[in-house]
Amino acid sequence: MGKRYLLAPGPTPVPSEVLLAMAAPIIHHRSPDFLPVLDSAKKGLQWLYQTKNDVLILCSTGTGGMVGSVNNFFNKGDKVLVINGGKFGERWTKICQAYGLDVEEIVVEWGYSVKPEEVENKLKKNRNIKGVFVQASETSTGVYHDIQALGSIVKKYDDTLFIVDAISALVAHDLRTDEWGIDIMVGGSQKGVMLPPGIAFVSVSDKAWAKAETSKLPKFYFNFKKERENLAKNQTNFTSPVTLIIGLNESLRMLQAEGLENVFKRHAKLADATRQAVKALGLELYPRESPSNAVTAIVAPQGIDGQAIYKNLREKYGITAAGGQDKAKGKVFRIAHLGYSDRFDIITAIAGIEMVLKGMGYPVKLGTGVAVAEELLMVSEEAK
Ligand SMILES: *Cc1c(COP(=O)(O)O)cnc(C)c1O
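Heads up: these notes are all about the structure in this document. These figures come from a predicted structure and were not determined experimentally. (Residues numbered from 1 in each chain as written. Predicted model: local features only at pLDDT ≥ 70, side-chain atom pairs only at ≥ 80, totals over all residues. Heavy atoms only, no water.)

What to know about empty space enclosed by the protein
Filter applied, for reference: The definitions used throughout rest on a 1 Å grid laid over the protein atoms alone, on which a cavity is an enclosed set of points accommodating a 1.4 Å probe that cannot get out and a pocket is an open set flanked by protein within 12 Å on both sides along at least five of seven lines; lining residues are those having an atom within 4 Å of a point. Grid points are joined across faces, edges and corners, and a volume is the space filled by probe spheres set on the points. Segments assigned H or I by DSSP are reported as helices when at least four residues long, segments assigned E as strands when at least two residues long, and all are numbered from the N terminus. The classification used treats Ala, Val, Leu, Ile, Met, Phe, Trp, Tyr, Cys and Pro as nonpolar, Asp, Glu, Lys and Arg as charged, and all other residues, Gly among them, as polar.
Inspection of every chain in the model, using the stated rule, returns four cavities of 30 Å³ or more. Considering only enclosed or pocket space, the largest cavity measures out at about 70 Å³ in volume. If one sorts the elements of the lining of the largest cavity by residue count, strand 2 (residues 54-59) sits on top with three residues. Residues that form the lining of the largest cavity fall into these classes: seven nonpolar, three polar and one charged. Of the pockets and cavities examined, the second largest cavity occupies roughly 50 Å³. What lines the second largest cavity is L6, L7, A8, T12, P13, A336, L338, Y340 and S341.

Some points on the packing of helix 10 (residues 260-280) against helix 13 (residues 368-377)
Rule in force here: Where helices are involved, their axes are fitted lines through C-alpha atoms of the stretch in contact, as for all axes, and angles between N-to-C directions lie from 0 to 180°. For classification purposes, an angle smaller than 35 degrees is called roughly parallel, one larger than 145 roughly antiparallel, one from 65 to 115 roughly perpendicular, and anything else oblique. The handedness criterion is simple: a crossing whose near helix is rotated anticlockwise from the far helix by less than a right angle is left-handed, and one whose near helix is rotated clockwise is right-handed. Between two residues, a contact is recorded if the distance between any of their heavy atoms is within 4.5 Å.
Running from N to C, helix 10 and helix 13 point in directions that differ by 150°, and their axes come no closer than 8 Å. As far as their axial angle goes, helix 13 and helix 10 are roughly antiparallel. Note that helix 10 runs across helix 13; the crossing there is right-handed. From helix 10, K269, L270, D272, A273, Q276, A277 and A280 reach across to helix 13, where they touch T368, G369, V372, A373, L376 and L377. A per-class count over the contact of helix 10 with helix 13 returns eight nonpolar, three polar and two charged.

Considerations on the sheet that holds strand 5 (residues 129-135)
Formally: Two strands are counted as paired when DSSP detects at least two bridges linking them.
With mixed pairing, the seven strands of this open sheet are ordered in space as 2-10-9-8-5-3-4. Each of the sheet's edge strands pairs with one partner strand only, and the pair in question is strand 2 and strand 4 (102-107). Mean inter-strand twist for the sheet, computed between neighbouring axes without regard to direction, equals 20°. As defined by bridge partners, strand 3 (residues 79-84) adjoins strand 5 across four bridges and the pair is classed as parallel. Bridge pairing in strand 5 links V80 to G131. Taken strand by strand, helix 3 (residues 62-71) contacts strand 2, strand 5, strand 8 (161-165), strand 9 (184-188) and strand 10 (199-204), and its axis lies near 165° from that of strand 9. Packing of helix 6 (residues 147-154) onto the sheet brings it into contact with strand 3, strand 5 and strand 8, and relative to strand 8 it is tilted by some 160°.

Things to note about helix 8 (residues 224-232)
Rules: We call a residue buried when its accessible area falls under 20% of the maximum for its residue type, exposed when it is over 50%, and partly exposed in between, using a 1.4 Å probe and counting protein chains only. By construction, the arc corresponds to the directions joining the helix axis to the C-beta atoms. Any pair of N or O atoms that falls within 3.5 Å is considered a polar contact. Within protein, one atom must be able to donate a hydrogen and the other to accept it, and sequence-neighbouring residues count only if both atoms are side-chain atoms.
By the burial criterion, the buried members of helix 8 are F224, E227, N230 and L231. Projected onto a plane normal to the axis of helix 8, the buried residues spread over an arc of 120° and lie on a single side. Among the exposed residues of helix 8, those oriented more than 90 degrees off its buried face are E229 and A232. The secondary structure elements touched by the buried residues of helix 8 are helix 2 (35-49), strand 2, helix 3, strand 10 and helix 7 (206-212). For helix 8, the N-terminal cap is N223; the gap from its side-chain oxygen to the backbone nitrogen of K225 is 3.3 Å. Positioned one or two residues after helix 8, N234 has a phi angle of 60°, which is positive.

Some details on the packing of aromatic side chains
Applicable threshold: Aromatic pairing here means that ring centres of Phe, Tyr or Trp (its six-membered ring) are within 6.5 Å. Orientation follows from the plane angle: under 30 degrees is stacked, over 60 is edge-to-face, and everything else is tilted. Throughout this description, the term charge over a ring refers to an Arg CZ or Lys NZ atom that lies within 6 Å of the ring centre and within 35 degrees of the ring normal.
One pass over the full model with this rule turns up seven aromatic pairs. An angle of 5° between the planes, with centres 5.3 Å apart, marks the rings of Y221 and F238 as stacked. With a gap of 17 residues between them, Y221 in the loop between helix 7 and helix 8 and F238 in the loop between helix 8 and helix 9 (242-258) connect regions that are remote in the sequence. By relative accessible area, which is 29% here, F238 ends up partly exposed. An aromatic cluster is defined as three or more aromatic residues linked by ring pairs; in this entry it consists of F220, Y221, F222 and F238. Over the ring of Y310 we find R314; its NZ or CZ atom is 5.3 Å from the centre of that ring.

Okay, structure coming up:
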């Protein structure tokens, strides 16, 4: 028997409650049975997004939500600013370029978080920038960008939209859509919301809807105005991913029972315990600043291949984590603490890392990192 542990930054584990909910018979997406299901999901997403804006539900992966965030609000030749601090920042650039936008990048060294002043300077210098694109959590580097600070800057420019890829940050980080002035925020089902892959969520502000009126880029599948009209009737434009939306209601119910603040606290605590435990093993974190609460990227020790660590975790111990992407490939490995994650996931991960590293000849005293994680994750008040 090989028991498997999924500790990757997406897909993430799905709770049994959600799996069971999704075992219900299929209902028809235009039937009266489905309307309250979508209504509940729609309201639950507004709660999770901390917004009064529409949150569209799309049958696609997160990247589909990113594509729709470009082709529904801009025009060919529009100048936009992309914060590119990793693999997913680069994806914003590629999508924008695919639609003929004029992309200016702020290239952020991998492992660092963008300096909000840099964004402010660009916007001051170029009054023509129509949109600022960023990741909340850049999953490839494990860095969190300061969305609140960026939002307060972009907010001052009436003609500029603030577009956030929160695909891995949603649920792991407190992201206040309305309060922070996030015009468009993209989420995905297979990360923090504890669902299988297959749906994307996109919130759209009034400022962004006004822009949609003048956008002439081609749209067919990702047509947000049509999605909005359908959402108002508790429908989606095409066939709804009925099963996933039923599952979404269950995962939203679980998150609501925990409470949003507790959800964020849990992620912060698990992330902190992971970082401290890894440091206790003499390992270095890949982020030089502002680490994400969704995923921890760890630098492979000198002379040890990060891909081999990741591979050994999976093949020898049944733990699926993640390796590095692109230029971080071989240099790092990544452990997620995202969604349906608790203290024993962290302890499992740290124990696995210790055993793998020892097996690969890295000097580690078994239990060193686990002890640190246990200290930080103990329940403080036990019955005597
Ligand atoms: C996972 C992820 C994506 C891509 O999502 P898909 O569902 O694979 O399309 C985009 N951005 C970030 C930050 C992610 O973590």
